[in-house]
Amino acid sequence: MDTRRRRRYFALMCGCLVLFVSAWAFVRLWSIPAAVAMCVVAMVIPPVAAMIGNARGRNDRWWDETSGDSTSDAWWDELDGRTPPKDQGGKSDKGDRNDRKASGEHRNDRRGDS
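Residues numbered from 1 in each chain as written. Predicted model: local features only at pLDDT ≥ 70, side-chain atom pairs only at ≥ 80, totals over all residues. Heavy atoms only, no water.

**Notes on the overall build of the protein**
1) Next: Assigned secondary structure in the protein consists of 4 helices and 0 strands.
2) Next: Counting helices and strands in the order they occur from the N terminus, the protein gives α-α-α-α.
3) Next: Counting over 114 residues, the protein shows a buried share of 12%.
4) Next: By sequence separation, contacts in the protein at least 24 residues apart represent 38% of the contacts at least 6 residues apart.
5) Next: Approximately 9500 Å² of the protein is accessible, and the part contributed by carbon and sulfur atoms is 58%. (Helix = DSSP H or I, 4+ residues; strand = E, 2+ residues; numbered from the N terminus. Buried < 20%, exposed > 50% of the residue type's maximum accessible area, 1.4 Å probe, protein only. Contact = heavy atoms within 4.5 Å. Areas by Shrake-Rupley, 256 points an atom, 1.4 Å probe, with all protein chains shown as cover.)

**Notes on the side chain of Ser22**
1) Next: Looking at the element boundaries, Ser22 is found in helix α1 (residues 3–25).
2) Next: The class of Ser22 is buried, set by a relative accessible area of 10%.
3) Next: In terms of polar contacts, Ser22 uses its side chain to reach the backbone carbonyl oxygen of Leu19, at 3.3 Å.
4) Next: Residue contacts for Ser22: discarding those within four places in its chain leaves Val27 and Met38. (Polar contact = N/O pair within 3.5 Å; in protein donor to acceptor, adjacent residues only side chain to side chain.)

**Digging into the nonpolar core**
1) Next: Counting residues in each nonpolar core, the largest one holds 5 residues, listed as Ala23, Val27, Ala35, Met38 and Cys39.
2) Next: Beyond its immediate chain neighbours, meaning those up to four positions away, Val27 contacts Ser22, Ala34, Ala35 and Met38. (Core = buried A, V, L, I, M, F, W, Y, C linked by side-chain atoms within 4.5 Å.)

**Structural notes on the packing of α1 against helix α2 (residues 32–53)**
1) Next: Two elements in contact, α1 and α2, have axes separated by 9 Å at closest approach and are oriented at 165°. Looking at the two axes, α1 sits roughly antiparallel to α2. Considering only the axes of α1 and α2, their crossing is left-handed. In contact with Arg5, Arg8, Tyr9, Leu12, Met13, Cys16, Leu19, Phe20, Ser22, Ala23 and Trp24 of α1, α2 contributes Ala35, Val36, Met38, Cys39, Val41, Ala42, Ile45, Pro46, Ala49, Ala50, Ile52 and Gly53.
2) Next: Classifying every residue of the contact of α1 with α2 by side-chain character gives 19 nonpolar, 2 polar and 2 charged. (Axes fitted to C-alpha atoms, helices over the stretch in contact; angles between N-to-C directions. Parallel < 35°, antiparallel > 145°, perpendicular 65-115°, else oblique. Left-handed = near helix turned anticlockwise from the far one by under 90°. Nonpolar A, V, L, I, M, F, W, Y, C, P; charged D, E, K, R; others polar.)

**So, the environment of Leu17**
1) Next: Mapped onto the elements of the fold, Leu17 is located in helix α1.
2) Next: Taking the relative accessible area as the measure of exposure, Leu17 reaches 55% and is therefore exposed.
3) Next: With 26 residues separating them along the chain, Leu17 and Met43 place their C-alpha atoms 9.8 Å apart.

**Focus: a nonpolar patch on the surface**
1) Next: On the surface, Phe20, Val21, Trp24, Ile32, Val36, Val40, Met43, Val44, Val48 and Met51 cluster together to form a nonpolar patch covering roughly 920 Å² of accessible area.
2) Next: Put simply, the parts of the chain that give the nonpolar patch at least two residues each are α1 and α2. (Patch = residues over 30% accessible without salt bridge, like charges linked within 9 Å, V, L, I, M, F, W, Y side chains within 5 Å. Salt bridge = Lys/Arg side-chain N within 4 Å of Asp/Glu carboxyl O.)

**Points about the side chain of Arg5**
1) Next: Note on placement: Arg5 falls in helix α1.
2) Next: Engagement of the side chain of Arg5 in a polar contact is seen with the backbone oxygen of Gly53, the distance being 3.3 Å.

**Things to note about the confidence of the model for the protein**
1) Next: Scored by pLDDT, the protein has a mean of 77; 64% of the residues are at 70 or more.
2) Next: Within the protein, the element-level pLDDT minimum falls on helix α4 (residues 93–103), averaging 52, and the maximum on α2, averaging 94. (pLDDT = per-residue confidence, 0-100.)

Written as structure tokens, this is what we have:
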């Protein structure tokens, strides 16, 4: 997270707390409608702060951009479903079963008992 975004989020959330606490600590003594209005404003701040805190920074990688690291990009492409998973050495289990069926090697093959 970018430091600037973190500071903005922190400032907005501190402002929210100051509005809420001051509204019911001492503003309500002079004006209930003003205290309610302050709470309504404080209620709107957290979603705005979350949007600002999660906004993409200038140097942040977006979800579909390449990073320049081919290993990392291949891994993310596989997770996103853009490329099929790489075989981790050897044949897959499905391929082994198909090869056995084609060659006549079955586990319960009784033809060779005689």
